[in-house]
Amino acid sequence: MQKRIPDLKRIIAGIDDLPTLPRTVLKITELVNDPKSSAKDLAKVITDDQILTARLLKLVNSSFYGLPQRISTVTGAIVLIGFDAIRNLLLTTSVFDLFAGRNKKKQQKQEQFWDHSLGCAVGAKVIGNYLRYDNIEELFVAGLLHDIGKIVEMMFQPDEFSKVAAAISRENILMIKAEIRILGYSHAEIGKLLAEKWNLPSKLVQIIAHHHQPTDAGSFAIEAAIVHLADIFCRALNMGSGGDNKIPSLDRFAWESLKIQTNAIEGIMKTMHDEYGDIRSFI
Ligand SMILES: [Fe+2]
Ligand SMILES: [Fe+2]
């Protein structure tokens, strides 16, 4: 553990090289957080960007939202699915872009990570729905970003990542276990740093930081427990790969805090499977 402090300091120093979110997404986040802004203000920022506009219309018209009518304007999309959902959608697709295709050799591994993240996002949304949680869009984003630290490791710390990968295949252990032993820190800590750099809401920062020990997430322990459980379910359903072949063990306190009926698990996993198939076909 001795190398832990200098290594974390080095990561923080190197975090200037970590990706920044596109200006449009930051502007949109600002508008969404401003109670005085209107759907028209938001539509203006989005329509200035043709790619975002096309993407948004494609997403709102997909089966994921299951809206009965076709939406052809950005304002219509905002009114129908709401400010927060729009912000989350755009954040999601921008984050995908940020990491996509930087290194062809690693692309396959990266795609498996994204499939895992997407599976966890869908899982968090489905579990949130079952629990009648208020903001399931936010859970979706949390699930999507929970392992972002692994992507950072893979893309920006290739030597460290190779050592971790070697230990995983040698000993068939969880990635987090290999990281802590070899690097002295985990993808959860790197993810937290990136989320803070992006000024994401503290709820997201806490979920990312504590998805392996949800009870440490303070006032967001329930949300972290949902993502923790979704992580386990999506691995059980073989959605992508989280970098190792092990299913993390279920945190007993997290499980008890959610109060999910055991006989509901099968239905939750079936819905996850169906929604994952839908969303994967258009992202
Ligand atoms: Fe993780
Ligand atoms: Fe994960």
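Since we're looking at a predicted model, the values are computed, not measured.

About the thresholds
- Residues numbered from 1 in each chain as written.
- Chains lettered and ligands numbered in written order.
- Predicted model: local features only at pLDDT ≥ 70, side-chain atom pairs only at ≥ 80, totals over all residues.
- Heavy atoms only, no water.
- Helix = DSSP H or I, 4+ residues; strand = E, 2+ residues; numbered from the N terminus.
- Rg over C-alpha atoms; globule rule 2.2 N^0.38 Å.
- Buried < 20%, exposed > 50% of the residue type's maximum accessible area, 1.4 Å probe, protein only.
- Contact = heavy atoms within 4.5 Å.
- Areas by Shrake-Rupley, 256 points an atom, 1.4 Å probe, with all protein chains shown as cover.
- Lys, Arg positive; Asp, Glu negative; His and termini not counted.
- Charge placed at Lys NZ, Arg CZ, Asp CG, Glu CD.
- Donors = N, O, S within 2.8 Å, 3.2 Å for Na, K, Ca; no water.
- Axes fitted to C-alpha atoms, helices over the stretch in contact; angles between N-to-C directions.
- Parallel < 35°, antiparallel > 145°, perpendicular 65-115°, else oblique.
- Left-handed = near helix turned anticlockwise from the far one by under 90°.
- Salt bridge = Lys/Arg side-chain N within 4 Å of Asp/Glu carboxyl O.
- Core = buried A, V, L, I, M, F, W, Y, C linked by side-chain atoms within 4.5 Å.
- Arc of directions from axis to C-beta.
- Polar contact = N/O pair within 3.5 Å; in protein donor to acceptor, adjacent residues only side chain to side chain.

### Structural notes on the overall build of the chain
(1) Moving on: Across its full length, the chain holds 16 helices and 0 strands.
(2) Moving on: In terms of C-alpha radius of gyration, the chain reaches 19 Å, essentially the compact-globule figure of 19 Å for 283 residues.
(3) Moving on: Counting only C-alpha atoms, the chain reaches 55 × 45 × 35 Å along its principal axes.
(4) Moving on: In the chain, buried positions account for 54% of the 283 residues.
(5) Moving on: Counting only contacts in the chain whose residues sit at least 6 apart along the sequence, the fraction spanning at least 24 positions is 67%.
(6) Moving on: Accessible area for the chain stands at about 13700 Å²; split by element, carbon and sulfur atoms hold 52% of it.
(7) Moving on: Taken as two groups, the 34 positive and 33 negative side-chain charges of the chain have centres that lie 3 Å from each other.

### Focus: the coordination of the iron ion (ligand 1)
(1) Moving on: Around the iron ion (ligand 1), the protein supplies D147 (OD), H187 (NE2), H211 (NE2) and H212 (NE2) as donor atoms, at distances of 2.1 to 2.2 Å.
(2) Moving on: Mapped onto the polypeptide sequence, the residues donating to the iron ion (ligand 1) form the spacing pattern D-x39-H-x23-H-H.
(3) Moving on: Taken as an interatomic distance, the gap from the iron ion (ligand 1) to the iron ion (ligand 2) is 3.8 Å; D147 donates to each of them. Of the two residues, D147 sits in the loop between helix 8 (136–145) and helix 9 (148–156) while H187 sits in helix 12 (residues 187–197), which places them 40 residues apart along the sequence.

### What about the packing of helix 3 (residues 39–47) against helix 5 (residues 74–81)?
(1) Moving on: One can describe the packing of helix 3 onto helix 5 by two numbers: an axis separation of 9 Å at closest approach and a directional angle of 130°. By the criterion of interaxial angle, the relationship of helix 3 to helix 5 is oblique. The chirality of how helix 3 crosses helix 5 is right-handed. In this structure, helix 3 uses A39, L42, A43, I46 and T47 to contact helix 5, whose residues at the interface are V74, T75 and I78.

### Let's talk about the pattern of salt bridges
(1) Moving on: Under the definition given, this model contains 12 salt bridges.
(2) Moving on: Two residues, K44 and D48, come together in a salt bridge whose shortest N-O distance is 3.1 Å. Each member of the pair K44 and D48 is classed as exposed.
(3) Moving on: Each of the salt bridges in this network shares a partner with another, and the network as a whole consists of E138, K203 and E223.

### Details of the coordination of the iron ion (ligand 2)
(1) Moving on: Protein-derived coordination of the iron ion (ligand 2) comes from H116 (NE2), H146 (NE2), D147 (OD) and D231 (OD), at a distance range of 2.1 to 2.5 Å.
(2) Moving on: Each donor residue of the iron ion (ligand 2) lies on one chain, and together they are spaced H-x29-H-D-x83-D.

### Quick look at the nonpolar core
(1) Moving on: Grouped together as the largest cluster of nonpolar side chains are 88 residues, with contacts concentrated most on I46, V95, F99 and W198.
(2) Moving on: Those residues within four positions of V95 in sequence are excluded, and the remaining contacts are L21, W114, L145, I148 and W198.

### A word on helix 4 (residues 50–60)
(1) Moving on: Within the span of helix 4, buried status applies to L52, T53, L56, L57, L59 and V60. With its buried residues spanning 160° around the axis, helix 4 presents them on a single face. Opposite the buried face of helix 4, at more than 90 degrees from it, the exposed residues are Q50, I51 and K58.
(2) Moving on: Packed against the buried residues of helix 4 are helix 2 (23–33), helix 3, helix 5 and helix 6 (83–99).
(3) Moving on: At the N-terminal end of helix 4, a side-chain oxygen is found 3.1 Å from the backbone nitrogen of L52, two or three residues along, and the residue is D49.

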